[in-house]
Amino acid sequence: DTAVSQTPKYLVTQMGNDKSIKCEQNLGHDTMYWYKQDSKKFLKIMFSYNNKELIINETVPNRFSPKSPDKAHLNLHINSLELGDSAVYFCASSLRWTSGTDTQYFGPGTRLTVL
Amino acid sequence: AQKITQTQPGMFVQEKEAVTLDCTYDTSDQSYGLFWYKQPSSGEMIFLIYQGSYDEQNATEGRYSLNFQKARKSANLVISASQLGDSAMYFCAMREVRSRNTGTASKLTFGTGTRLQVTL
């Protein structure tokens, strides 16, 4: 009955590889997000999708490509991984921006390590 | 652009005591929302409490309360009767709404966090 789930939880890979992180929410929310938390614990939004449409793209390199096949899923594909991509990636979801607090609920995070 | 400032990188509090974690914000929006999240060492982000810019009462959720001072642009988190399990990173965040031709969505801007350690 997990609300926001991500797979995998840990991802260790070599520089230059391509990898994907999957996210699913069963809360019936319209909006999903990807955030990146760096080694200093700073959290920054990467993308926001509303009803499968990209709304927010915060100057993320083109190597990062989100895909939302439906409202309940938002996947993150990363091409040509670099050392600086090592971080914890959080998926989140919220009901919709008109819904009062529009509280965002986070997945457990995916720790990506690029060697 | 919105900005969130948390000036306390680390705080210590004794068990059963109350503690205040500071958060100041800067925005030109009239309507905004302020959130506090807890991140324990296990890594998950846990929503604690929300305060809307038009809310006249300070938000409370169990042992958590938000001391909202709009004129000072501060939204401090107060944890009463601290417990060992409260030891964690605490993040203040502000919600901003953005639109483009495909729709509208929120985003959160986070502060740098405060690491709280509860001692016996």
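Residues numbered from 1 in each chain as written. Chains lettered and ligands numbered in written order. Predicted model: local features only at pLDDT ≥ 70, side-chain atom pairs only at ≥ 80, totals over all residues. Heavy atoms only, no water.

Applying the stated criterion to the full structure yields 10 salt bridges over all chains. Between Glu58(A) and Arg98(B) there is a salt bridge, with the nearest N and O atoms lying 3.0 Å from each other. Taken together, the residues span two chains, with Glu58(A) in the loop between strand S6 (53-57) and strand S7 (64-70) and Arg98(B) in strand S10 (residues 88-100). For Arg98(B), a relative accessible area of 30% translates into the label partly exposed. (Salt bridge = Lys/Arg side-chain N within 4 Å of Asp/Glu carboxyl O. Helix = DSSP H or I, 4+ residues; strand = E, 2+ residues; numbered from the N terminus. Buried < 20%, exposed > 50% of the residue type's maximum accessible area, 1.4 Å probe, protein only.)

Moving on to the pairing of strand S2 (residues 10-13) of chain A. Residue and element names in this part refer to chain A. Residues Leu11 and Thr13 point to one face of S2 and are all buried, whereas Tyr10 and Val12, pointing to the other face, are not buried. Relative to strand S11 (residues 110-114), S2 runs parallel, the two being bridged by four bridges. From the neighbouring strand, valine 12 faces S11, where its bridge partner is threonine 113. (Pairing = 2+ DSSP bridges.)

Residues and elements named next belong to chain A. The antiparallel open sheet is built from four strands, whose spatial order is S1-S3-S8-S7. Only two strands of the sheet have a single partner each, and these edge strands are strand S1 (4-7) and S7. Neighbour to neighbour, the strand axes of the sheet diverge by 20 degrees on average, direction disregarded. Pairing analysis gives five bridges linking S7 to strand S8 (residues 73-78), with the strands arranged antiparallel. The partner of lysine 67 across the bridge, within S8, is asparagine 75. (Axes fitted to C-alpha atoms, helices over the stretch in contact; angles between N-to-C directions.)

Here we take up the interface of chain A and chain B. On the side of chain B, 24 residues touch chain A, which itself brings 25 residues to the contact. Carbon and sulfur atoms make up 59% of the area that chain A and chain B hide from each other, which totals about 2200 Å². Linking chain A with chain B are two salt bridges. Of the charged contacts, one joins Lys107(B) and Glu58(A) as a salt bridge, the two residues approaching to 3.1 Å between their closest N and O atoms. Our count for the contact surface shared by chain A and chain B stands at eight residue pairs in polar contact (both at pLDDT 80 or more). Class assignment for the residues of the side of chain A that touches chain B results in 13 nonpolar, eight polar and four charged. (Contact = heavy atoms within 4.5 Å. Buried area = accessible area lost by both parts, 1.4 Å probe. Polar contact = N/O pair within 3.5 Å; in protein donor to acceptor, adjacent residues only side chain to side chain. Nonpolar A, V, L, I, M, F, W, Y, C, P; charged D, E, K, R; others polar.)

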